[in-house]
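Next come the chains, spelled out residue by residue.
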Amino acid sequence: MDAPQNKSDKKIRLIATDLDGTLLDGTGNIPPRNRDALVRAMARGVIVTIATGRMFHSANRFAAEIGVKVPLICYNGAMVRYPDGRTLYHHRLDMSIARRALAIFRERRIYVQSYIEDVLYIRDAGDEEFVAYLKHFGIEGRAIGDDLYAPSVAPTKLLAMTDDIEASHALMREFQDLFGPDLYVTSSNANFVELMNPVVNKARSLTALAGDLGVPMENVMTLGDGENDVEMLRAAGTGVAMANGRQSAKDAADAVAPTGDECGVAWAVEKYALK
């Protein structure tokens, strides 16, 4: 696989890894080789964290499996929270923006999930899209009917589902045109469209966290595969995309590792942090 140019001599002091399509394999688990490589890196003093689009509740069990002690970057950077539940940063959507977006989803009958205070809310637990989501991610949701479209507390994230990647891109472009700088629109999955506060993305939260930890960004390695990883792949001293990732992620990275199923995370950690 490709190697970063002029970056192999940078000492890796902090690793931030995405979950789905990156650290996790196709079964949604951490392969032993990936886990062992990160554990060995931490034993050498390298700080390891998770940077994911997932909610904190979902990401934290993987952090526990690795032994992460520092805050996790969740909701694509909208929430940064310690494994014990203490919140470092949390940026919710503007309530008026959230309600306008929800009204669009309701009018068009587009399936949407709302995340409020790290709880997943859905309209109907029997929705086909939620059943598939539950099967893949194992995350329970609270069905609240039409109250979904009129939240009393501003959501951290809204996640809409489409039929395919082309439909997702079309919906993303529409929301970007409609809301402009008032909304951060990204995607962690081919049929996901995710809406968050415009002040956040993984790179911004990672940069702030690295600063708190006293680690320059040139000594950070990021690992990802999706469009929501592009910013942090560019921001890090060493950005590594998975071979199974979106082309935008691979274009933003310094190196391309083997696929998630082929333990691309372990490959990168062994090559750049354990060399």
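Cut-off values and rules
Residues numbered from 1 in each chain as written. Predicted model: local features only at pLDDT ≥ 70, side-chain atom pairs only at ≥ 80, totals over all residues. Heavy atoms only, no water. Helix = DSSP H or I, 4+ residues; strand = E, 2+ residues; numbered from the N terminus. Rg over C-alpha atoms; globule rule 2.2 N^0.38 Å. Buried < 20%, exposed > 50% of the residue type's maximum accessible area, 1.4 Å probe, protein only. Contact = heavy atoms within 4.5 Å. Areas by Shrake-Rupley, 256 points an atom, 1.4 Å probe, with all protein chains shown as cover. Lys, Arg positive; Asp, Glu negative; His and termini not counted. Charge placed at Lys NZ, Arg CZ, Asp CG, Glu CD. Core = buried A, V, L, I, M, F, W, Y, C linked by side-chain atoms within 4.5 Å. Pairing = 2+ DSSP bridges. Axes fitted to C-alpha atoms, helices over the stretch in contact; angles between N-to-C directions. Patch = residues over 30% accessible without salt bridge, like charges linked within 9 Å, V, L, I, M, F, W, Y side chains within 5 Å. Salt bridge = Lys/Arg side-chain N within 4 Å of Asp/Glu carboxyl O. Parallel < 35°, antiparallel > 145°, perpendicular 65-115°, else oblique. Left-handed = near helix turned anticlockwise from the far one by under 90°. Nonpolar A, V, L, I, M, F, W, Y, C, P; charged D, E, K, R; others polar. Phe/Tyr/Trp six-rings, centres within 6.5 Å; stacked < 30°, edge-to-face > 60°. Lys NZ or Arg CZ within 6 Å of the ring centre and 35° of its normal.

(A) Molecular detail of the overall build of the chain. Regarding its fold elements, the chain presents 10 helices and 14 strands. For a compact globule of 275 residues, the expected C-alpha radius of gyration is about 19 Å, and the chain comes in at 18 Å, within 12% of that figure. Reported as C-alpha extents along the three principal axes, the dimensions of the chain are approximately 55 × 35 × 35 Å. Scored against the burial criterion, the 275 residues of the chain give a buried share of 54%. By sequence separation, contacts in the chain at least 24 residues apart represent 59% of the contacts at least 6 residues apart. Working note: accessible area of the chain is about 11,600 Å², and carbon and sulfur atoms make up 46% of it. With 31 positive and 37 negative side-chain charges, the chain shows a separation of 6 Å between the mean positions of the two kinds.

(B) Examining the nonpolar core more closely. Counting 54 residues, the largest nonpolar core has I15, M221, V240 and V269 as its most contacted members. Considering each element in turn, this core owes the most residues, 7 residues, to helix α10 (residues 264-273). When residues no more than four places from it in sequence are discounted, the contact partners of M221 are I12, L14, I15, A16, T238, V240, A268, V269 and Y272. Ranked by size, the runner-up nonpolar core spans 23 residues in total, among them A98, A101, M172 and L195.

(C) How the structure looks around the sheet that holds strand β12 (residues 220-224). Here 5 strands make up an open sheet; going across it, the order is β2-β1-β12-β13-β14 and the pairing parallel. In this open sheet, the two strands that pair with only one neighbour each are β2 (47-50) and β14 (255-257). In this sheet, neighbouring strand axes are inclined to one another by 20° on average, regardless of whether the strands run parallel or antiparallel. When strand β1 (residues 14-17) meets β12, the two strands line up parallel, connected through 4 bridges. Residue pairing in the sheet places T17 in a bridge with L223 of β12. Packed on one face of the sheet, α10 meets β1, β12, β13 (238-242) and β14 and runs near 155° to β13.

(D) Layout of a negative patch on the surface. On the surface, a cluster of negative charge is contributed by E128, E129, D163, D164 and E166. Looking at the secondary structure, you find E129 in helix α5 (residues 128-137).

(E) The sheet that holds strand β9 (residues 157-161), seen in detail. The 6 strands are arranged β8-β7-β6-β9-β11-β10 in an open sheet whose pairing can be described as mixed. Looking at which strands have only one partner, the edges of the open sheet turn out to be β8 (142-143) and β10 (184-186). Sheet topology note: the β10/strand β11 (residues 192-196) ladder contains 3 bridges and is antiparallel. Across the sheet, the residue bridging to Y184 is M196, located in β11. Most of the contacts of helix α4 (residues 95-108) go to β9, to which it runs at about 15°, and overall it touches β6 (112-116), β9 and β11.

(F) Spotlight on the packing of α4 against helix α6 (residues 165-179). Look at α4 against α6: their axes get within 12 Å of each other, and the N-to-C directions meet at 140°. Here α6 runs oblique to α4, going by the angle between their axes. α4 and α6 meet at a crossing whose hand is right-handed. Residues I97, R100, A101, I104, F105 and R108 of α4 pack against L171, E174, F175, L178 and F179 of α6. Residue classes in the contact of α4 with α6 are distributed as 8 nonpolar, no polar and 3 charged.

(G) Quick peek at the packing of helix α2 (residues 32-43) against α10. Orientation of α2 relative to α10, taken along the N-to-C sense of each, is 30°, at an axis distance of 8 Å. Compared by their axis directions, α2 and α10 come out roughly parallel. By crossing handedness, the relation of α2 to α10 is classed as left-handed. Residues R33, N34, A37, L38, R40 and A41 of α2 form the contact with α10, whose own contacting residues are G264, V265, A266, W267, V269 and E270.

(H) Here's a closer look at the packing of aromatic side chains. According to the stated counting rule, one finds 7 aromatic pairs in the structure shown. Centre to centre, the rings of F137 and F192 are 6.2 Å apart; their planes meet at 40°, and the pair counts as tilted. Linking F137 in helix α5 with F192 in strand β11, this pair joins segments that are 55 residues apart in sequence. On the basis of relative accessible area, F192 is assigned to the buried category, the value being 5%. Seen from the ring of F56, R81 lies directly overhead, with NZ or CZ sitting 5.2 Å from the centre.

(I) The pattern of salt bridges, seen in detail. By the definition in use, this model includes 15 salt bridges. The salt bridge partner of K10 is E218, with a shortest N-O separation of 3.6 Å. Highlighted residues: K10 in the segment before β1 and E218 in the loop between α7 (202-213) and β12, separated in sequence by 208 residues. Judged by its relative accessible area of 45%, E218 is partly exposed. R106 is the partner of D146 in a salt bridge, and the nearest nitrogen-oxygen pair spans 3.2 Å. Highlighted residues: D146 in the loop between β8 and β9 and R106 in helix α4, separated in sequence by 40 residues. Three or more residues joined by partner-sharing salt bridges are found here, namely D18, K202 and D229.

This is a description of form; function is not addressed.
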